[in-house]
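Next come the chains, spelled out residue by residue.
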Amino acid sequence: MTKDIGFIDYNKLFFLNCGTGMLLYENKYGYRINVNHPIVDPLYRRYKKEVLKTRESFPISDKERLKFEDKVIIYLICKGYLKYAQK
């Protein structure tokens, strides 16, 4: 369970550990998280299975993907995988 750290304005943050491969930059779909990263992949599969009740091979909508990313970014910050600073 993650603690609630409130609303995060991603435009005002600079992620300090950018070289981990977890974050995407200038993605043409607006995605921010690499769901194929070894830490993120199990979270993504569990989200699709438990929250969306879909098969693993079934793609989710862009809206649902962005909801997942919002939740996983907060989780990764709370667990210490991502560190950030104000711009």
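Before reading on, note that the structure itself is shown above.
Reference entry: report on the structure contained in this document.

Rules used in this analysis
- Residues numbered from 1 in each chain as written.
- Predicted model: local features only at pLDDT ≥ 70, side-chain atom pairs only at ≥ 80, totals over all residues.
- Heavy atoms only, no water.
- Helix = DSSP H or I, 4+ residues; strand = E, 2+ residues; numbered from the N terminus.
- Axes fitted to C-alpha atoms, helices over the stretch in contact; angles between N-to-C directions.
- Parallel < 35°, antiparallel > 145°, perpendicular 65-115°, else oblique.
- Left-handed = near helix turned anticlockwise from the far one by under 90°.
- Contact = heavy atoms within 4.5 Å.
- Phe/Tyr/Trp six-rings, centres within 6.5 Å; stacked < 30°, edge-to-face > 60°.
- Lys NZ or Arg CZ within 6 Å of the ring centre and 35° of its normal.

1. Focus: the environment of Leu76
Okay, so step 1: Mapped onto the elements, Leu76 comes out in helix α2 (residues 62-79).
Okay, so step 2: A sequence separation of 37 residues divides Leu76 from Ile39, and the C-alpha atoms of the two residues are 9.2 Å apart.

2. A word on the packing of helix α1 (residues 40-51) against α2
Okay, so step 1: Contact pair α1 / α2: the axes reach a minimum separation of 11 Å and the direction vectors enclose 130°. Here α1 is positioned oblique relative to α2, judged by the angle of their axes. Like other packed secondary-structure pairs, α1 and α2 cross with a definite hand, here right-handed. Here α1 contributes Val40, Leu43, Tyr44 and Tyr47 to the contact with α2, which in turn contributes Glu64, Arg65, Lys67, Phe68, Lys71, Val72, Tyr75 and Leu76.

3. Concerning the packing of aromatic side chains
Okay, so step 1: For the structure shown, the criterion picks out 3 aromatic pairs.
Okay, so step 2: Ring geometry for Tyr29 and Tyr31: centres 5.8 Å apart, planes at 35°, overall tilted.
Okay, so step 3: Here the aromatic residues Tyr44, Tyr47 and Phe68 are joined through ring pairs into a cluster of three or more.
Okay, so step 4: Across from the ring centre of Tyr44, 6.0 Å away, lies the NZ or CZ of Arg65, which sits over that ring.

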